[in-house]
Amino acid sequence: MEKEENQNSQPEDNNDIKENKDTVKTPENKDLKPEDKIKELEDKLARAYAEIENQRRRFEKEIKDAFEFGSFNFAKESLAILDNLDRAKIAIQSDEILKSNKDLDKFLNNLSIIEKDLISIFEKNRIIKIEAKGKKFDPNLHQAMTEIEDEKSDEGTVVQVIQSGYMMGERLLRPALVGVAKRKNSKNAEKEEKKEEK
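**Here's the deal with the overall build of the protein**
Stage number 1. Looking only at helices and strands, one finds 6 helices and 6 strands in the protein.
Stage number 2. For the protein, the N- to C-terminal ordering of α and β elements is α-α-α-α-α-β-β-β-β-β-β-α.
Stage number 3. The proportion of buried residues among the 198 residues of the protein is 23%.
Stage number 4. Look at the contacts in the protein between residues 6 or more apart in sequence, and 58% of them connect residues 24 or more apart.
Stage number 5. When the accessible surface of the protein is totalled, it reaches about 15900 Å², and 51% of it is carbon and sulfur.

Here's what the structure looks like:
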C-alpha cells in the first residue's frame, strides 16, 4: 500500500516539474514565461546600450571642451597683460616729466606694437574683445559698475567702458565693466534748475 501511494505521488511531482519548466522564477516576478523573460532581458539590454551611448557622447563632449577651453584659465589671466599695457600707455602719456622726452613717441609706438601683437595672438585663439560702448546693457556680457546721468543716450545704454570684456569662442572670458546711462532724477533736475536761477 505504501508503495502504491509513493507511485501515485510521483506522477503528481512529475506534473509539478512540467509546470515549472513552463515558467521561470525571478526575484522580481516569480512566474514569468520564457517569452516574457526574453522581452524583459531585451528591454534591459536596450536600456544598458542607451546608457553606454549617452555616456560615450558625454565623454566626447568633455574631450572636445577640454581641447577648446583647456586654456580658458590661462587666457583669462593673460588679459591682465593687455590691461597693464593699456594702463602703462595712459600713465606715460599723462606724465608731465615724460611728455618733454623726445623719445616718448618711439616708446609709445613700441608699446602699441606689442599690444597689437598680443591682440593678434588672442584673435587667433578665438579670444575677441566685447564691443560695449553705445550698445544696450546686456547682463550676460556686461557688469554695471556705475550709473551715469546722460540725457543724450537712451536709458540702459553703455556710455563708459571701465574695463574691456572678452569672449573665448562662445564662452564669456571676462565681462566688460561698464557705466550705464540713466535719466536725470527729477529731484536732481530741480536742484540744478534752482542753481541756474540763482
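**With respect to the nonpolar core**
Stage number 1. One finds Phe-122, Ile-127, Tyr-166, Met-168 and Leu-173 to be the most contacted residues of the largest nonpolar core, which totals 15 residues.
Stage number 2. In terms of residue count, helix 3 (residues 72–94) provides more of this core than any other element does, 6 residues in total.
Stage number 3. Contact partners of Phe-122, with chain neighbours within four places excluded, come to Ser-78, Leu-79, Leu-82 and Ile-127.
Stage number 4. One finds Ala-132, Val-158, Ala-176 and Val-178 within the second-largest nonpolar core, a separate group that totals 5 residues.

**Description of the sheet that holds strand 4 (residues 165–168)**
Stage number 1. Taken in spatial order, the 3 strands line up as 1-4-5 in an open sheet, and their pairing is antiparallel. Two strands lie at the open edges of the sheet, namely strand 1 (127–130) and strand 5 (171–174), each paired on one side alone. Taken over all neighbouring pairs, the strand axes of this sheet differ in orientation by 35° on average, direction set aside.
Stage number 2. By the bridge criterion, 3 bridges tie strand 4 to strand 5 in an arrangement that is antiparallel.

**Description of unusual backbone geometry**
A negative phi holds for most residues other than glycine; trans holds for most peptide bonds.
Stage number 1. For Arg-126, which is not glycine, the phi torsion reads 65° and is therefore positive.
Stage number 2. Residue placement: Arg-126 occurs in the loop between helix 5 (104–124) and strand 1.
Stage number 3. A relative accessible area of 38% places Arg-126 in the partly exposed class.

Quick notes on the rules
Counting restarts for each chain, with residues numbered from 1 along the sequence as it is written. Where totals are concerned, whole chains, interfaces and linings use all residues; where local detail is concerned, this predicted model gives features only for residues with pLDDT of at least 70, and gives and counts side-chain atom pairs only at 80 or more. As a rule here, side-chain values cover all heavy atoms of the structure and leave hydrogens and water aside. Secondary structure elements follow DSSP: runs of H or I of four or more residues count as helices, runs of E of two or more count as strands, with numbering from the N terminus. Categorising residues by exposure relies on relative accessible area from a 1.4 Å probe, with only protein chains included: less than 20% of the type maximum marks a residue as buried, more than 50% marks it as exposed, and the intermediate range marks it as partly exposed. Whether two residues are in contact is decided by their heavy atoms, any of which lying within 4.5 Å being enough. Each accessible area is a Shrake-Rupley estimate made with a 1.4 Å probe; only the visible protein chains count as cover when residues are assessed. Residue types Ala, Val, Leu, Ile, Met, Phe, Trp, Tyr and Cys, when buried and joined through side-chain atoms within 4.5 Å, form a set referred to as a nonpolar core. Any two strands with at least two DSSP bridges between them are considered paired. Convention adopted: a line fitted to C-alpha atoms gives each axis, helices being fitted over their contacting stretch, and angles between N-to-C directions are expressed from 0 to 180 degrees.

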